[in-house]
Each structure stands twice: as C-alpha cells, then as structure tokens.
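# Analysis of the macromolecular model
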Amino acid sequence: YKVMGNKNLEYSGKVMSPINSILAKTLKKEDAVKVIYVKEQQKEKNDKHYEKIMQEELSNINKNIGANIEYKIICKAFEETQQSHGELLEALIDELEEKTEVSADITYGAKPLPFIIFNVLTFAAKFCNSDITNVIYGKVEFIEQPDGTERKENPTIFDLSQLYYLNSLSSTIKCKNMSEA
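Now for a quick tour of the structure. (Residues numbered from 1 in each chain as written. Predicted model: local features only at pLDDT ≥ 70, side-chain atom pairs only at ≥ 80, totals over all residues. Heavy atoms only, no water.)

## Quick word on the overall build of the chain
- Helix and strand counts for the chain stand at 5 helices and 6 strands.
- Listing the helices and strands of the chain from first to last along the sequence gives β-α-β-α-β-α-β-α-β-β-α.
- A compact globule built from 181 residues would reach a C-alpha radius of gyration of about 16 Å, and the chain, at 18 Å, matches this within 12%.
- Across its three principal directions, the C-alpha atoms of the chain cover 60 × 45 × 35 Å.
- Partitioning the intrachain contacts of the chain with sequence separation of at least 6 by distance along the chain shows that 64% fall at a separation of at least 24.
- Total accessible area on the chain is roughly 11,800 Å²; 51% of this is exposed by carbon and sulfur atoms.
- Of the charged side chains in the chain, 23 are positive and 28 negative; the average position of the first set lies 3 Å away from that of the second. (Helix = DSSP H or I, 4+ residues; strand = E, 2+ residues; numbered from the N terminus. Rg over C-alpha atoms; globule rule 2.2 N^0.38 Å. Contact = heavy atoms within 4.5 Å. Areas by Shrake-Rupley, 256 points an atom, 1.4 Å probe, with all protein chains shown as cover. Lys, Arg positive; Asp, Glu negative; His and termini not counted. Charge placed at Lys NZ, Arg CZ, Asp CG, Glu CD.)

Structure below.
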C-alpha cells in the first residue's frame, strides 16, 4: 500500500489488512498489543477467512519483531438499529485500557462502523487518557479484465487521523452561535 498522508506509515511488504502495514512500521519488541477484530454474525464463515488472513499476516510480520499480540474477536449482528450500534459501541469500549496508544482501521465493515469507531476513539482519548495514533482506511481499485476477472490496482492507505482530530477540535469549541465559532 502506498500512503496518502503520513508517509512514515508506508510499508514495502504486501498485506491484505491495511492495519498490518501500520503495525509492521510501529511494533517494537515486547510491545503489548491488543488487536480487536469486529465481524458480522451473519457472515461468520466469510469473516473467519479474513480474520485468519489478518492474523497470519500480522504473525508473519511479528516473527522478527517479538511483540506480544493478543486477539479479541467481537462478533455482532450488523443491524441498522440504535440498539445494535449501542451494543457494538459498548463492546468496543469494554476492551479499552488506560493510557494506551490506539490505532483504528475503518477499511472493512458496515457503513455505520466508522462513526462508532470515532466515538470509541473519542471515549478512549477523553476517559482513558489514550493517545489516538492512527486512523486509516485502505482502498484498492478493482479493474475488470477482458476475461471477466478483476485485477487489484493502486492499493492506497489514507491516513484519516486529521479528520479524527478535526472532529475532536470542533467538539471542544464553546460558542453561542456560528459567527462566534
């Protein structure tokens, strides 16, 4: 993946899970890392395949690093209801720890997931004294070939950390009206 934004996150290895390219650049020996993988109950068989790929990629990256990686799987129904969104928000918040670095990959998942993750990040920063280090999104173009197959081109990681911080900043502005802001 090439990186749009923070070029320090660019990783020359090949990965399917964009967060693994970030971890490849940031993991250090004996770091304690908790990877939280959110998957949809209805698609568990397909998600299990991607979960395995993500874990195998990270395991291969970590072979020469030696970080201590713990995996936590959150399996929830992705229903477009306030209740299911709230349950996922609570499940993610329950996994937070005090004074940690938090990175998030919003590449995969249902459309509301990035909003839920942004809320979790805000909670982590405000109530857990955590440092939000990376918020990323991976994009790949699928180019149809003459034989009907698709070729993946231009894999790119977009560093959305600035959007998170912009949201945090605008949430702290205390004004009575728009002209004051």
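## Focus on the pattern of salt bridges
- Scanning all chains against the criterion turns up 7 salt bridges.
- Across the pair Glu-97 and Lys-34 runs a salt bridge, and its minimum N-O distance is 3.1 Å. Placement of the pair is Glu-97 in the loop between α3 (82–94) and β4 (101–105) and Lys-34 in strand β2 (residues 32–40), with a sequence separation of 63 residues.
- Since its relative accessible area comes to 42%, Glu-97 is described here as partly exposed.
- Judged by relative accessible area, which is 25%, Lys-34 ranks as partly exposed.
- Here Lys-139 and Glu-141 are joined by a salt bridge, their closest N and O atoms 3.7 Å apart.
- In this structure Lys-139 comes out as partly exposed when scored by relative accessible area, which is 33%.
- The network of salt bridges with shared partners includes Lys-34, Lys-72, Glu-95 and Glu-97. (Salt bridge = Lys/Arg side-chain N within 4 Å of Asp/Glu carboxyl O. Buried < 20%, exposed > 50% of the residue type's maximum accessible area, 1.4 Å probe, protein only.)

## With respect to the packing of α3 against helix α4 (residues 113–127)
- Viewed as axis vectors pointing N to C, α3 and α4 meet at an angle of 40 degrees, and their least axial separation amounts to 10 Å. Relative to α4, α3 is oriented oblique. In terms of crossing hand, the pair formed by α3 and α4 is right-handed. The segment α3 lies against α4, with His-85, Leu-88, Leu-89, Leu-92 and Ile-93 engaging Leu-113, Ile-116, Asn-119, Val-120 and Phe-123. (Axes fitted to C-alpha atoms, helices over the stretch in contact; angles between N-to-C directions. Parallel < 35°, antiparallel > 145°, perpendicular 65-115°, else oblique. Left-handed = near helix turned anticlockwise from the far one by under 90°.)

## Quick notes on the sheet that holds β4
- Read across the open sheet, the 4 strands follow the order β1-β6-β5-β4; overall the sheet is mixed. Both edges of this open sheet fall to β1 (2–4) and β4, since each of them pairs with a single strand only. The sheet shows a mean angle of 25 degrees between the axes of neighbouring strands, direction not considered.
- By the bridge criterion, 3 bridges tie β1 to strand β6 (residues 150–159) in an arrangement that is parallel. The residue bridging Lys-2 from the neighbouring strand is Thr-156, located in β6.
- Relative to the sheet, helix α5 (residues 161–172) contacts β5 (131–144) and β6, its axis offset from that of β5 by approximately 130 degrees. (Pairing = 2+ DSSP bridges.)

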